[in-house]
Amino acid sequence: MSLDTATVRRVASLARLRVEERDLPRLESELNGILGWIEQLQAVDTTGVEPVAGGGAEALRLREDRVTDGGIQDDVLANAPDRAGAFFAVPKVVE
């Protein structure tokens, strides 16, 4: 299937997109490329393959809910341009 400029203009109108006349050839080429990929996918034999709507069928593993400080304070503060003890030092902004 191949789209022409009139069809691209109609699709843009239905989608309520304003497309400049100079952009139509580029958009036509891109949409035809996408349709080409879809045609390639339709050529794949999917006999015996179950449809999948998502990965939601598997239960997620739960972890124990516990509060920690992360244990990497020194690693985090190593990136600070300036520090005051165990905190980031920032310039005073209110006088």
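Structure shown above.
Residues numbered from 1 in each chain as written. Predicted model: local features only at pLDDT ≥ 70, side-chain atom pairs only at ≥ 80, totals over all residues. Heavy atoms only, no water.

Each helix and strand in the protein was counted, giving three helices and two strands. Its helices and strands taken in sequence order, the protein reads α-α-α-β-β from the N to the C terminus. Expected size for 95 residues packed as a compact globule is a radius of gyration near 12 Å; at 28 Å, the protein overshoots this value by more than 25%. Each of the three principal axes of the protein carries a C-alpha extent, and together these read 65 × 50 × 20 Å. Restricting the contact set of the protein to residue pairs at least 6 apart, pairs at least 24 apart contribute 29%. As displayed, the protein offers around 9,200 Å² of accessible surface, 55% of which is attributable to carbon and sulfur atoms. Here the protein holds 11 positive side-chain charges and 17 negative ones, and the gap between their average locations is 7 Å. (Helix = DSSP H or I, 4+ residues; strand = E, 2+ residues; numbered from the N terminus. Rg over C-alpha atoms; globule rule 2.2 N^0.38 Å. Contact = heavy atoms within 4.5 Å. Areas by Shrake-Rupley, 256 points an atom, 1.4 Å probe, with all protein chains shown as cover. Lys, Arg positive; Asp, Glu negative; His and termini not counted. Charge placed at Lys NZ, Arg CZ, Asp CG, Glu CD.)

Below, the discussion takes up the pattern of salt bridges. According to the stated counting rule, one finds two salt bridges in the structure shown. Between Arg26 and Glu30 there is a salt bridge, with its nearest N and O atoms 3.1 Å apart. Here the residue Arg26 and the residue Glu30 both occupy positions in helix α2 (residues 24–42), the gap between them amounting to four residues, near one helical turn. With a relative accessible area of 47%, Arg26 lands in the partly exposed category. Exposure remark for Glu30: the relative accessible area of 42% places this residue in the partly exposed category. (Salt bridge = Lys/Arg side-chain N within 4 Å of Asp/Glu carboxyl O. Buried < 20%, exposed > 50% of the residue type's maximum accessible area, 1.4 Å probe, protein only.)

Time to look at the environment of Ala6. Here Ala6 is to be found in helix α1 (residues 5–14). Classification of Ala6 as partly exposed rests on a relative accessible area of 45%. In this structure, the C-alpha to C-alpha distance between Ala6 and Gly33, residues 27 residues apart in sequence, is 17 Å.

Time to look at unusual backbone geometry. Located in the positive-phi region is Arg16, a residue other than glycine, with phi close to 60°. Among the structural elements, Arg16 can be located in the loop between α1 and α2. For Arg16, a relative accessible area of 79% gives the class exposed.

A word on the environment of Asp65. Take Asp65: it is sitting in the loop between α2 and α3 (73–77). A relative accessible area of 74% means that Asp65 is categorised as exposed. Note: C-alpha distance between Asp65 and Gly33 (32 residues apart in sequence) is 48 Å.

Assignment of secondary structure puts Glu28 in helix α2. Of the side chains with opposite charge, Arg9 lies nearest to the buried Glu28, which makes no salt bridge, at 8.3 Å. A polar contact of 2.8 Å, which involves the side chain of Glu28, links it to the side chain of Thr5. Every residue in contact with Glu28, bar those within four places of it in the chain, is listed here: Leu3, Asp4, Thr5 and Val8. (Polar contact = N/O pair within 3.5 Å; in protein donor to acceptor, adjacent residues only side chain to side chain.)

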